[in-house]
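# Residue-level structure breakdown
For reference, the chains in residue letters:
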Amino acid sequence: MDGSAGKDTSLELKDNTVIVVLGASGDLAKKKTFPALFGLYRNQFLPNDIQIVGYARTEMPHDEFIKRVKSYIKTPTKDLEKQLEEFCSICTYVWATPANTGEGQAQEPSAVLHGPAAKRVHNCFSAPEEMLLPLRMVALASFAPQVEKPFGKDLNSSRELQKSLEPDWKEDELFRIDHYLGKEMVKNILILRFGNLFFGATWNRQHIDNIQITFKEPFGTEGRGGYFDEFGIIRDVQQNHLLQVLTLLAMERPISFSSEDIRDEKVRVLRAMPAIEPKNVIIGFAMPTFCALVAYIKNERWDGVPFIMKAGKALNEQKTEIRIQFKDVTSGIFKDIPRNELVMRIQPNESVYIKMNSKLPGLSMQTVVTELDLTYRRRFSDLKIPEAYESLILDCLKGDHSNFVRDDELDASWRIFTPLLNYLDDNKEIIPMEYPYGSRGPAVLDDFTASYGYKFSDAAGYQWPTTSAAPPTGCSVGR
Ligand code: BG6
């Protein structure tokens, strides 16, 4: 193993690159894009002579823009403050007043650019028509706060959006971001699966009973109520982030780690998935801010295994994790011994642990639930985990598409969700179940997951991370 997971290392950064940040006065730029660009800059991952141009509709003098950029980035040390000053010296801002402004319409390239870098930005597009895309994207931003996602609202609108990009951009020039694909633990899924024989051998319907992919946030739709009213949690998180995680968990071994080989396998999984059926769904709150749904994959490896995708805002904690529950061990020698579980904690506190049964040390033959635990901050304590956007921007600058969503993948993912979304739109009488802010979700949730086979075992009082060296009592062997 050379440690590079067979990646093409010939991909290189190009000098004299200009990064245009569309929607530079918006939420995404503030929370993710500029902090990630600064992270790359200060670690010297950006190409030489890079220029960063913020672009939006808001009229703003250069100084005000720089003030904003600085406020987006935390600089706990003097050194960082100095680097931030340098970073700001490569940032400029332009704003546009499009000529033919019409509510929700794509803008024409005759827009007028303003600001100190306007001329430079104009010059970096070889022909005036090439201004069309940034302007179209800005136009899109007026109805979807994050241009990058969701790509459309359903299968048809996604195809239309795709068509409108085709005249300007070829598929291999497009990088559709799903930032979950840039998260460290998500990037580890293929290595864990295909680099470890013992996982590979049990990764199928013969051994796995059910898989849960859970996304929880302890805050609501603060400041994004309008967007949520229109998009809801299914489009916001499940059709993209959680489905992407699912495809990496379920895909077959790719022929190589090249982006097309990986994406070919992801598409194959999606094509084997029937549309989500409304009977396999629960919705919570009024926006809706909670949804648990079950997907199936009709192929030899996974037929019959429920993939339970749960996503909720305004819940009791922040947590994104994958929980793979194995089947019961053969009964006979044990009385009701808990199932093994493999948990991949995507965030916070990246970790992989296996819940397993062991003999409780001592004179009895009592068993106890314990764990094989890879907690990143213990095992890799001196390594920094990059932000998802840092990793994806760098991939994009290098031209590596592996962690970006291909057109056919997008199409296949909308096909799985669109019938459900239509059903919910057509049946407004379905009232989402209310749940208290800060709770675990609608009260029926546990019965829902149990009805798909998930067995919650608290018999051993097990909780990860374990805090005490003396584990609580477990079950005993049947003799
Ligand atoms: C975004 C969603 O794509 O992902 C948000 O639109 C969500 O609603 C966010 O809060 C979660 O991202 P992260 O990286 O904080 O888990």
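One structure accompanies this document, and this report is about it. Everything numeric in this text was worked out from a predicted model, so none of it was measured. (Residues numbered from 1 in each chain as written. Predicted model: local features only at pLDDT ≥ 70, side-chain atom pairs only at ≥ 80, totals over all residues. Heavy atoms only, no water.)

Moving on, we get to the sheet that holds strand β12 (residues 367-375). If you trace the eight strands from one edge of the open sheet to the other, you get β6-β7-β8-β5-β9-β10-β11-β12, paired in mixed fashion. Only two strands of the sheet have a single partner each, and these edge strands are β6 (281-284) and β12. Sheet twist, expressed as the average angle between the axes of neighbouring strands with direction ignored, equals 15°. Two strands pair when backbone bridges link them, and strand β5 (residues 208-216) and strand β9 (residues 319-326) are joined in this way by eight bridges, in the antiparallel orientation. Its bridge partner being in β9, threonine 214 is matched across the sheet by glutamate 321. Each of β5, β6, β7 (290-295), β8 (307-312), β9 and β10 (341-347) touches helix α9 (residues 225-250); the most contacted strand, β8, lies at about 145° to it. (Pairing = 2+ DSSP bridges. Helix = DSSP H or I, 4+ residues; strand = E, 2+ residues; numbered from the N terminus. Axes fitted to C-alpha atoms, helices over the stretch in contact; angles between N-to-C directions. Contact = heavy atoms within 4.5 Å.)

As a further point, take the site of the ligand. Every residue near the ligand is listed here: Lys32, Lys149, His179, Tyr180, Lys183, Phe215, Glu217, Arg224, Asp236, His241, Lys313 and Gln347. Contact between the ligand and glutamate 217: an oxygen atom at 2.6 Å from a side-chain N or O atom of the residue. Between the ligand and glutamine 347 there is a distance of 2.7 Å, counted from an oxygen atom to a side-chain nitrogen or oxygen. Coverage of the ligand by the protein chains reaches 87% of its 390 Å² of free accessible surface. (Near = heavy atom within 4 Å. Polar contact = N/O pair within 3.5 Å; in protein donor to acceptor, adjacent residues only side chain to side chain. Areas by Shrake-Rupley, 256 points an atom, 1.4 Å probe, with all protein chains shown as cover.)

So, about the pattern of salt bridges. Enumeration according to the criterion identifies 33 salt bridges in this entry. Note that arginine 406 is salt-bridged to aspartate 264, the shortest N-O span being 2.8 Å. Placement of arginine 406 in the loop between α12 (388-398) and α13 (407-426) and of aspartate 264 in helix α10 (residues 259-271) is noted, with a sequence separation of 142 residues between them. Take arginine 406: its relative accessible area is 10%, and that puts it in the buried class. For arginine 440, the salt bridge is made with aspartate 446, and the minimal N-O distance between the two is 3.1 Å. Looking at arginine 440, the relative accessible area reads 45%, which means it is partly exposed. (Salt bridge = Lys/Arg side-chain N within 4 Å of Asp/Glu carboxyl O. Buried < 20%, exposed > 50% of the residue type's maximum accessible area, 1.4 Å probe, protein only.)

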